[in-house]
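# Report on the structure
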Amino acid sequence: MDNKTFRKFGHEFIDWAAEYFEHLRDYPVCPSIQPGRILQQLPENPPEEHEDMGKIFHDFKEIILPGMTHWQHPGWFGYFPANNSPPSILAEILTAGMGAQCMVWQTSPAAAELEERVLGWLRQMIGLPEGMAGVIQDSASTATLCALLSAREKATGYSSNLEGIKTPLTVYASEETHSGIEKGVKIAGFGKNFLRKIETDDSFAMVPEKLEEAVVRDKEKGLKAVCVVATLGTTSSTAVDPLRPIGEICSRYGIWLHVDAAFAGTAALLPEKRDMLDGIEYVDSFVFNPHKWMLTNFDCSAYFVKDEGALIRTFEIHPEYLKTSVDKQVKNYRDWGIQLGRRFRALKLWFVIRSYGVEGIRSMVREHIRLAKLFEKWVIDHEVFELMAPVPLSLVCFRFNDGRKEEDLDQANKRLLISVNKTGEVFLTHTTLKGKYVLRLAVGSRTTREEHVRKAWELIVSRAKGIQSDS
Ligand SMILES: *Cc1c(COP(=O)(O)O)cnc(C)c1O
């Protein structure tokens, strides 16, 4: 492609994206298509000859777009948000334009130094201790795997990477922990059955006394407790594990404390939500995702560690072809995680933080929390709805309950969810809490306003009437 065509389509695509933002609400949040429908429209063999960008763009609009789920839609209330923003997108264009590999300082000095600086900003923004150093990972799952591996290495005197695990090592997390922790334990070589799921209380937060009991029990059996993963903002209900008592236990038994705050970490921008970090001085590693609730395009996961030496010792490699004369003076982020090649992800974070200002991001987060609180009140005040978990942040867990038998409620709520999502105007997801089927409304899309939350509530109430009259 010549530069002239590149320029022409570049302008056109930005216009397309700007119009997409303006018309997002006109799309159904989720496409209603049969599995395989997109695949059918795509030729089995790649083109041998050049195809026109005009034609490719046309096919994007005709084939791909109708099969997309619109995560930036104002009616997006599913899972957790993955919000993007104009400054983040603009930075991604520059990143793609330069196409740099940011594996060591020398392969892009500015990328390495900007990453160091911006992660320092983030650390201050959410109130992490001064000594913690940060690095961008692709996802919280990867960051947590890094934490598990570092914890394993430290607990075995840095021998487990090379020699394997000689005696069984255990990991602890609440029964509400994210599936990524299970995956991490599974692939980090801890072996089957060495993840302890600790009981939660009525608010779905880990019970520290149960944690200590489990640690002591394992110790008596000759097992070694290596890592506790505390969650700030669980995926099902944004429950917050109590960091201070958990940290005291970790410090008493010499256990690595990792914090998974993938979604909720952003809320620590707000002074009024900082209390969830009480006990942070005990924490060895901490991850949160600016790619969820902080206006930064996927992927951008911020991983902070107290002892960067432990992280580097776990991951460093020194092949001849990657040695440089400045290795002693600089940060080579290839040694801070699993990837060698790394995208320049600090740029979008820098653009977002500067473009919105910390206060601008705070005000979005505050507004989302206000909207969730509003929805919570509507649920509480309505006779056929029931709140199913506390609402510390911007996620509301609730269900329809018209007094029918408990065993019939799950089915009724499943039908309600399908019926509401079928409208295409909003999208909610579900979970189970203590065995009960629960609907989740997660506010966090950049484009969501009060009117959209109201609309969601009206739809839910009106569809629930249908369910009531059917039975
Ligand atoms: C979303 C989420 C994850 C997984 O995040 P990825 O970046 O997709 O790996 C992990 N833990 C919690 C609590 C989450 O909400």
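So, here is what we can say about the structure in this document. Predicted model, so just to flag it, every value in this text is computed and none were measured.

Our focus in this paragraph is the packing of helix H9 (residues 208–220) against helix H10 (residues 243–253). At their nearest, the axes of H9 and H10 sit 9 Å apart, and the two run at 20° to each other. As far as their axial angle goes, H10 and H9 are roughly parallel. For the pair H9 and H10, the sense of crossing is right-handed. Residue-level contacts link Pro208, Leu211, Glu212, Val215, Val216 and Lys219 of H9 to Pro245, Ile246, Ile249, Arg252 and Tyr253 of H10.

Turning our eyes to something else, we now look at the nonpolar core. Side chains that are nonpolar tend, in soluble globular proteins, to be buried together. If you look at the biggest cluster of nonpolar residues, it comprises 69 residues, and the most contacted ones within it are Leu122 and Phe286. Tallying contributions element by element places helix H13 (residues 346–381) first for this core, with nine residues. Look past the residues within four positions of phenylalanine 286 in its chain and what remains in contact with it is Ile126, Leu128, Met132, Leu232, His258, Val259, Ala261, Leu277, Ile280, Ala302, Tyr303 and Phe304. Among the nonpolar cores identified, the runner-up in size contains 33 residues, and Val185, Ala262, Tyr303 and Tyr333 belong to it.

So, about the site of the ligand. Close to the ligand lie 13 residues; Ala140, Ser141, Asp260, Asn289 and Lys292 are nearest. Asparagine 289 places a polar side-chain atom, nitrogen or oxygen, 2.9 Å from an oxygen atom of the ligand. Protein contact buries 87% of the 380 Å² of open area that the ligand shows by itself. When contributions to the shell around the ligand are tallied by element, the ones reaching two or more residues are helix H6 (140–155) and helix H11 (290–293). Class assignment of the residues belonging to the shell around the ligand gives a composition of three nonpolar, eight polar and two charged.

Spatially, the seven strands line up as an open sheet ordered E2-E8-E7-E6-E5-E3-E4, and their pairing is mixed. At either margin of the open sheet sits one strand with a lone partner, and together these are strand E2 (133–137) and strand E4 (195–198). Averaged over all adjacent pairs, the angle separating strand axes in this sheet is 20°, with direction ignored. Pairing geometry for strand E3 (residues 169–174) and E4, over four bridges, is parallel. Note on E4: the bridge partner recorded for serine 174 is isoleucine 198.

Reading the values: the criteria
Residues numbered from 1 in each chain as written. Predicted model: local features only at pLDDT ≥ 70, side-chain atom pairs only at ≥ 80, totals over all residues. Heavy atoms only, no water. Axes fitted to C-alpha atoms, helices over the stretch in contact; angles between N-to-C directions. Helix = DSSP H or I, 4+ residues; strand = E, 2+ residues; numbered from the N terminus. Parallel < 35°, antiparallel > 145°, perpendicular 65-115°, else oblique. Left-handed = near helix turned anticlockwise from the far one by under 90°. Contact = heavy atoms within 4.5 Å. Core = buried A, V, L, I, M, F, W, Y, C linked by side-chain atoms within 4.5 Å. Buried < 20%, exposed > 50% of the residue type's maximum accessible area, 1.4 Å probe, protein only. Near = heavy atom within 4 Å. Polar contact = N/O pair within 3.5 Å; in protein donor to acceptor, adjacent residues only side chain to side chain. Areas by Shrake-Rupley, 256 points an atom, 1.4 Å probe, with all protein chains shown as cover. Nonpolar A, V, L, I, M, F, W, Y, C, P; charged D, E, K, R; others polar. Pairing = 2+ DSSP bridges.

Geometric descriptors of this kind do not, in isolation, establish any biological role.
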